[in-house]
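Notes for the structure review
Here is what each chain is made of, one letter per residue.
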Amino acid sequence: MRFILLSLVVASSCCLWDAVSSCTSIEQRYKFPNTNIYVRLRRGDKLQYELMKGDKTLQTVTFDNFETSANLVATDSGGYTLTDGTTTVQFTLVKNGVVSGTGSDITHVQVSRDQVLKGTQPRDCFPLGTGSTHWFSGPEQKQHYWPVERQVHSNYSYLPKELDNFGVGERYWLNSAGAFLYVESNTPLFLDQNTAAYPGQLCLSATSELPYDPRVTAGKFVYHVAVAKDAKAAHKYAVKTFLGQPTGFPDERMVRHPVWSTWALYKAEVSDDVVRDFAKQILDNGFNNSQLEIDDDWEDCYGALTFRKNKFPDSKTLTDDLKALGFRVTLWIHPFINNNCTAIYDEAKSLGYLVLDHEGSSDTQWWNSKPKDAAILDFTKTEVQEWFAKRLKRLQDEDGIDSFKFDAGETSWLPSDPVLQASSSMVTPLQAVGDYVRTVAAFGDMVEVRSAQNTQELPIFVRIVDKDSEWGWNNGLLTLISSMLQMNLNGYPFVLPDMIGGNGYYEKPPTKELFLRWLQANVFMPALQFSFVPWNFDAEAITISKNFTDLHANYTPYIMKLFQRAVDSGEPVNAPLWWISPTDEVAQSIYDEFLLGDDIIAAPIVVEGATKRDIYLPEGEWKDGNSDQVYSGPTWVMDYPAALDTLPYFVRVGFQLE
């Protein structure tokens, strides 16, 4: 090992090296060999490091609880280490130069600690730059702001979980300055953002505590910082390097025509008669379908995967009759077995197929059980994957089911402190999420799931977690857009929006206005999913709904083209407005408009009672989708009129719908 100090900068010009103790701070800069990339240490109230390119600062990071008077030491591999005598931080230059497919010069540095000792929680903090910089990606949230710098998290375990509707989220944050952070999956990651202790900061930390494995005595803390010319180039590099891209895409009919689900309208009150009547209503009112989904409470008991005869006396005749009417039939599935589902529970337990805690108990709880009254299958075991798949295949072969809606999958449904068959590199329950989702994805291109992390390669729909029948940031219509954008910028472009109008929880179904505005917001997303129905309002609602389901169907060829583009390049299907103008500061802040591809701008009404809105159009020539008027961006279109039957949208001049 050798020590290389390339430059010393003293913050106060009156200070000399031998008078460091009187200085506010000192700066020491270290160069990666044969590059113009530096790590600069800044010693003040808290130790900081800066990544620099020449004299330009690319990123500044504060070590919240790492103090040392030591200097960086060069490694034989060309990196640097910094130690406090107990913990060592290593800086490795991964990439410095133009990267094909990004159109940008990329600087990429890995920062790693291989020995995070039990009882410690190193924390590195990044300035959010609120007011000048916007942030994107991060976790799916119930109160889901966009951009995401407004979110608040306190020592937040970063695993998919029921809390806050965190179904989907990569360990990835991207900002408008063209930088991103990515944390490796073997890091027991916790997040602090905008707390009293860390205002205006995004802090990453690692500690071997629940819900991670608390027995790990020396955990890992590895993250990456990369900087490109702008956010679009940075995201393209993240896709190439970390996020990956899908290997195929979902079923075209699910894109073209609506999914009709029993859930929001009927909840658990489903039966043969209810399903038949629902199908008749859909046809009698002149609507197309991709499929009819039978949701909760069709089973003999939760986990049985057999139809309850007093509700569905002849399931095969039902599915045959529905298919004769032009429906495909899908079924709601979950990974749980309730304890009172005695035969299948006893079988799974005797075979060792249930997730156990370290005390040997399989007890857990989900929304259809009481505490300690259910168990969850252990999909980290190959034999469980095969057993579960075999039972689902029986539903297809014997009951005529075409495909499945798979629910849950988040880590919080596991027993606390679970024992999992994790690979040697895994120290988190994240393995359970991926193994469940990959198991069920094998059932084909009609599958939908709602949980994901590190599963971008799968050619299936990922559903937004249940929305409430509200307008605002309180899990309402606004968050339909923000969740969709978040999922796209986490590498999941095949988004299945939740039920049109929300789920009607708390005995609060959608109003006619909310229902129709929700449908309009949904038109230029990949798929439509109804449960509440327009004919429960009035004839006008039916007419407006048909107009917009037809508009969505007309754009299906373009959506499928974008699906193929996602497979080829990993680009979003629905991106934020700045995607086509990455340095446009106004576009970076827009939360209630979005793109379909690069050629369609959707600007739905998302405010209750509104019949007009202001619309921002970025650079380009844009034709009003409701008239022939052309606008030259960047520009604002003020007070755009939008009665209840009008969806504001704009098409790039020259775009041809195939």
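Here the structure is a predicted model, which means the values were calculated and not measured. Every chain is numbered independently, its residues counted from 1 as its sequence is written. Totals for whole chains, interfaces and linings use every residue, but because this is a predicted model, local features are given only for residues with pLDDT of at least 70 and side-chain atom pairs only at 80 or more, for both listing and counting. In computing side-chain properties, one takes all heavy atoms of the structure into account and sets aside hydrogens as well as water.

Attention now goes to helix α12 (residues 556–569). Between its first and last C-alpha atoms α12 spans 20 Å; for 14 residues at 1.5 Å apiece the expected length is 20 Å, and the two agree. Those residues of α12 that sit buried are T556, Y558, I559, M560, L562, F563, R565, A566 and V567. When checking whether two residues touch, look at their non-hydrogen atoms; a contact exists if any pair is within 4.5 Å. Comment: elements are numbered from the N terminus, with helices defined as DSSP H or I runs of at least four residues and strands as E runs of at least two. Next to the buried residues of α12 lie α2 (252–256), β27 (461–463), α11 (539–554), β30 (594–596) and β31 (600–602). Following α12 by one or two positions, G570 has its phi on the positive side, about 80 degrees. Here the expected length of a helix is defined as 1.5 Å per residue gap, with one fewer gap than residues. We call a residue buried when its accessible area falls under 20% of the maximum for its residue type, exposed when it is over 50%, and partly exposed in between, using a 1.4 Å probe and counting protein chains only.

A word on the sheet that holds strand β17 (residues 218–227). Here we have eight strands laid out as an open sheet, ordered β6-β7-β8-β9-β17-β14-β13-β11, and antiparallel in their pairing. The open sheet terminates on both sides in strands that have one partner only, identified here as β6 (73–74) and β11 (135–137). Angular values range over 0 to 180 degrees, each being the angle between N-to-C directions of two axes fitted as lines to C-alpha atoms, with helices fitted over their stretch in contact. Packing against the sheet, helix α1 (residues 231–243) makes contact with β8 (88–99), β9 (104–117), β13 (172–175), β14 (179–183) and β17, and its axis sits at approximately 160 degrees to β13. At least two DSSP bridges between two strands are needed for those strands to be called paired.

So, about the domain arrangement of the chain. For the chain, the assigned domains are domain 1 (27–242), domain 2 (260–334 + 383–411 + 428–569) and domain 3 (579–652). Taking only C-alpha atoms into account, the centre of domain 2 sits 28 Å from that of domain 3. With 25 residues of domain 2 in contact, the opposing surface of domain 3 contributes 27 residues. Defined here as a combined quantity, buried area equals the accessible surface (1.4 Å probe) lost by two parts on assembly, summed across both. Of the roughly 2,200 Å² buried between domain 2 and domain 3 on both sides combined, carbon and sulfur atoms contribute 69%. Salt bridges are defined by distance alone: a side-chain nitrogen of Lys or Arg within 4 Å of a carboxyl oxygen of Asp or Glu. In this structure, the connection of domain 2 to domain 3 is made through one salt bridge. For R565, the salt bridge is made with D598, and the minimal N-O distance between the two is 3.2 Å. Under this definition, polar contacts are N or O atom pairs within 3.5 Å; protein pairs additionally need one hydrogen-donor-capable and one acceptor-capable atom, and for neighbouring residues in sequence, both atoms have to be side-chain atoms. At the boundary of domain 2 with domain 3, the tally comes to nine residue pairs in polar contact (both at pLDDT 80 or more). Residues are grouped as follows: nonpolar covers Ala, Val, Leu, Ile, Met, Phe, Trp, Tyr, Cys and Pro; charged covers Asp, Glu, Lys and Arg; every other residue, Gly included, is treated as polar. For the side of domain 2 that touches domain 3, the class distribution of residues is 20 nonpolar, one polar and four charged. Domain start and stop points were drawn from an automatic or database domain assignment.

Alignment of strand β32 (residues 612–624) against strand β33 (residues 630–641), held across nine bridges, turns out to be antiparallel. Considered in β33, the bridge of G620 is made with G633. Connecting β32 to the antiparallel partner β33 that follows it, the hairpin turn spans five residues.

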